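Architecture and fold: a report
Each chain is listed here by its residues.
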Amino acid sequence: MEKTWWKESVVYQIYPRSFCDSNGDGIGDLNGITGKLEYLKELGIDVIWLSPVYQSPNDDNGYDISDYKAIMEEFGTMEDYDRMLFRAHSLGIKIMMDLVVNHTSDEHAWFVESRKSKDNPYRDYYIWRDGKNGKEPNNWGSCFGGSAWKYDEGSGQYFLHLFSPKQPDLNWDNQKVRKEVFDMMNWWCEKGIDGFRMDVISLISKKPDFQDGEVGQSGYGDPGCANGPHVHEYLQEMNRKVLSKYDLITVGECSGVTVEEAKKYASSEGTELNMVFQFEHVDLDGGESFKWNHNKIRLPELKAVMSKWQTELAGKAWNSLYWCNHDQPRMLSRIGNDSPKYRERSAKLLGTCLHMMQGTPYIYQGEELGMTNYPFTSMEEFRDIESINAYYELTEKGIIAPEEMFDYISYKGRDNARTPMQWDDSSYAGFTSGTPWIAVNPNYKEINAKEQMEREDSVFHYYQKLIRLRKEYEIIVYGDYELLLPDSRELYVYTRSYEGQKLLVVCNFTEKEIVWEIPQDLKGCVGRVLISNYGRDTLEESVTLAAYECAAVLY
Ligand code: TEU
Ligand code: CA
């Protein structure tokens, strides 16, 4: 297997709005990030994935971009950006930009032109269709509720928006659109950025027939645009015209991606991207009403999905590893245990379980502190368009009762991940000196970076060690993965093998003590414990694992 820096890196995701506010307006900003680079250096990460910082009317917190070459005013200026990039580089930290090019904002100059008339030169930059019998062109629903089509009075046609109506989809079949996007990417690369995380890149090539999709609970049809007919062709073109000219880290966010598709997107041939974000493990608790439920992710199923990706991509493509991001509730509150008693131990367990796998790990801001879901008490506390729209759509149609829907959103809503980073125990967790745009989790007095940096056995120092181990032991990066005990509902156990060495990873995902016999081929060898969340320095042949205990042992 070819060794590359991006396989050996650990990425840290920053959601700028909630990271650090430098000027007291309650909104995180670029100078706030610059001021915290030393913290990230201390943690030991290699790359920052920066969620969008471009000019945007913020219908979807920056995922609706109105100018790809300008910085959002609330976040600062291009000079602030350049300073941040320069400082990061001088500390040896790379910056990966979020590339949101499935859609733009409806306030982007291209769309402003496009909607002017049917013969405007920019008309074909977007996807316009005539209505059918006075209604939408087809039954497709948007990810954020309602139809995926919006009628434009002025020009008398509908435009497609797979997300909000303020996020019209670009027409990637138009080669002018592709050229504009590639030119813009080259412009950022020339500035010296180090990579791209590509937003819903699996959706850029639409189904050509625009047939109705299968109708779900919401009454709308599924657009089914993932992995469309030309997606690989367009990414190969992007690779030739942009990516191959620079030494970048690239990851495609690929909702609806299968293992077979991922082998094309992230092939080791290097013709498209380095890796993809797949969704199978975080969608395991999905149901009839999308993610709005109280379903639990079951360990055997989680292991099956994780292991499938580990083994099927081995040698053919590269994995990304993540539990959390700005779209997911805090994983600690979902598959860990966020009670005061087990919070830290289970946060370390989740870190170990993921970081000892093959792939490039992604840490989402606050995950390295064991930040938890927010205790929402009313709908007014939500800021996220997805949650708010889903609440009204499902309750108004009488599909889910309001109190029940509120509970689901509190548990699964994206705002759980978007509450401000908890820096210290001063007011608003040291995030801002003003009033934050979204509430701070009241547990910041117990959970904050300052306290954890001063305490040796904290989650922060544990993550620091996980990151360091990856740099010290090639087996963690390149070793082959094998799952043991696939049916166990308590233990997640796997091995990694590399050049005659073996790494054994044992995680007890329950509150119970579990006794486990270590496998025959490891018995008798004296393993070296690389990391443990329970102060363990050896694994006996028959080992009793405490609640949420984990260990990684080298043989
Ligand atoms: O997310 C795409 C995506 O798949 C999400 O809509 C996901 O289904 C949902 O958040 C799960 O609840 C990307 C961005 O990460 C997200 O923040 C944006 O809202 C979205 O694209 C539109 O740009
Ligand atoms: Ca600010």
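Residues numbered from 1 in each chain as written. Chains lettered and ligands numbered in written order. Predicted model: local features only at pLDDT ≥ 70, side-chain atom pairs only at ≥ 80, totals over all residues. Heavy atoms only, no water.

If you look at the biggest cluster of nonpolar residues, it comprises 145 residues, and the most contacted ones within it are Tyr81, Met185 and Phe196. Not counting residues up to four positions away in its chain, the partners in contact with Phe196 are Met96, Met97, Leu99, Met185, Trp188, Cys189, Leu243, Leu248, Ile249, Thr250 and Val251. Residues Ile518, Leu539, Val543 and Leu545 belong to the second largest nonpolar core, which totals 16 residues. (Core = buried A, V, L, I, M, F, W, Y, C linked by side-chain atoms within 4.5 Å. Buried < 20%, exposed > 50% of the residue type's maximum accessible area, 1.4 Å probe, protein only. Contact = heavy atoms within 4.5 Å.)

Let's shift gears to the site of ligand 1. Inspection of the region around ligand 1 gives 17 residues, with Asp60, Asp199, Lys291, His326 and Asp327 positioned closest. Interatomic distance of 3.1 Å between a side-chain N/O atom of Glu253 and an oxygen atom of ligand 1. A distance of 2.9 Å separates an oxygen atom of ligand 1 from a polar atom in the side chain of Glu386. Starting from 490 Å² of accessible surface for ligand 1 in isolation, the protein chains cover 94%. Its residues placed into classes, the shell around ligand 1 shows 4 nonpolar, 4 polar and 9 charged. Mapping the shell around ligand 1 onto the domain boundaries places at least three of its residues in each of domain 1 (11–103 + 175–374 + 421–466) and domain 3 (375–418). (Near = heavy atom within 4 Å. Polar contact = N/O pair within 3.5 Å; in protein donor to acceptor, adjacent residues only side chain to side chain. Areas by Shrake-Rupley, 256 points an atom, 1.4 Å probe, with all protein chains shown as cover. Nonpolar A, V, L, I, M, F, W, Y, C, P; charged D, E, K, R; others polar. Domains from an automatic or database assignment.)

Turning our eyes to something else, we now look at the coordination of the calcium ion (ligand 2). Within the protein, Asp21 (OD), Asn23 (OD1), Asp25 (OD), Ile27 (O) and Asp29 (OD) serve as the donor atoms for the calcium ion (ligand 2), at 2.3 Å. Counting residues between consecutive donors of the calcium ion (ligand 2) along the chain gives the motif D-x1-N-x1-D-x1-I-x1-D. Residue classification places Asn23 among the exposed positions, given a relative accessible area of 51%. Taking relative accessible area as the criterion, Asp29 reaches 4% and is therefore assigned buried. (Donors = N, O, S within 2.8 Å, 3.2 Å for Na, K, Ca; no water.)

On to the pairing of strand S10 (residues 249–253), then. Burial within S10 is extensive, with 5 of its 5 residues counted as buried. Residues Ile249, Val251 and Glu253 line one face of S10 and the alternating positions Thr250 and Gly252 line the opposite face, and both faces are buried. In this fold, strand S9 (residues 195–198) hands off to helix H7 (residues 231–241), which returns the chain to S10; that crossover is right-handed. Two elements, S10 and strand S11 (residues 275–277), share 3 bridges in a ladder whose sense is parallel. By the bridge assignment, Val251 is partnered in S11 with Met275. Handedness of the S10-helix H8 (residues 259–265)-S11 crossover: right-handed. (Helix = DSSP H or I, 4+ residues; strand = E, 2+ residues; numbered from the N terminus. Right-handed = clockwise from strand over helix to strand, strands pointing away. Pairing = 2+ DSSP bridges.)

On to the layout of surface pockets. Size it by volume and the second largest pocket reaches roughly 470 Å³. Partitioned by chemical class, the residues of the lining of the second largest pocket number 10 nonpolar, 10 polar and 6 charged. (1 Å grid on protein atoms, 1.4 Å probe; cavity = no way out; pocket = protein on both sides within 12 Å on 5 of 7 lines; lining within 4 Å. Points joined across faces, edges and corners; volume = space filled by probe spheres on them.)

In this section: the packing of aromatic side chains. Going through the model one piece at a time under the given rule, you end up with 37 aromatic pairs. Measuring from centroid to centroid gives 6.3 Å for Trp49 and Tyr362, while their planes differ by 80°, and the two rings are edge-to-face. Here Tyr362 lies in strand S13 (residues 360–364) and Trp49 lies in strand S2 (residues 47–50), a separation of 313 residues in the sequence. Here the aromatic rings of Trp128 and Phe159 are separated by 5.5 Å at their centres, their planes lie at 70°, and the arrangement is edge-to-face. With Trp128 in strand S6 (residues 128–129) and Phe159 in strand S8 (residues 157–160), this pair connects stretches of sequence that are 31 residues apart. Here the two residues Trp128 and Phe159 agree in accessibility, since each one is buried. (Phe/Tyr/Trp six-rings, centres within 6.5 Å; stacked < 30°, edge-to-face > 60°.)

Once that is clear, we can look at the domain arrangement of the protein chain. Examined at the domain level, the protein chain breaks down into domain 1 (11–103 + 175–374 + 421–466), domain 2 (109–160), domain 3 (375–418) and domain 4 (480–554). One C-alpha centre belongs to domain 1, the other to domain 2; they are set 30 Å apart. With 18 residues of domain 1 at the contact, the number on the domain 2 side is 15 residues. Where domain 1 abuts domain 2, roughly 1,500 Å² becomes buried across the two surfaces, and 62% of that area is made up of carbon and sulfur atoms. Contact with domain 2 buries surface across domain 1, with Glu180, Phe210 and Tyr220 losing the most and accounting together for 39% of the total. Remark: the boundary between domain 1 and domain 2 carries 0 salt bridges. Counting every contact that joins domain 1 to domain 2 gives 7 residue pairs in polar contact (both at pLDDT 80 or more). In terms of residue count, helix H6 (residues 175–191) provides more of the side of domain 1 that touches domain 2 than any other element does, 3 residues in total. Residue composition of the side of domain 1 that touches domain 2, by class: 7 nonpolar, 4 polar and 7 charged. (Buried area = accessible area lost by both parts, 1.4 Å probe. Salt bridge = Lys/Arg side-chain N within 4 Å of Asp/Glu carboxyl O.)

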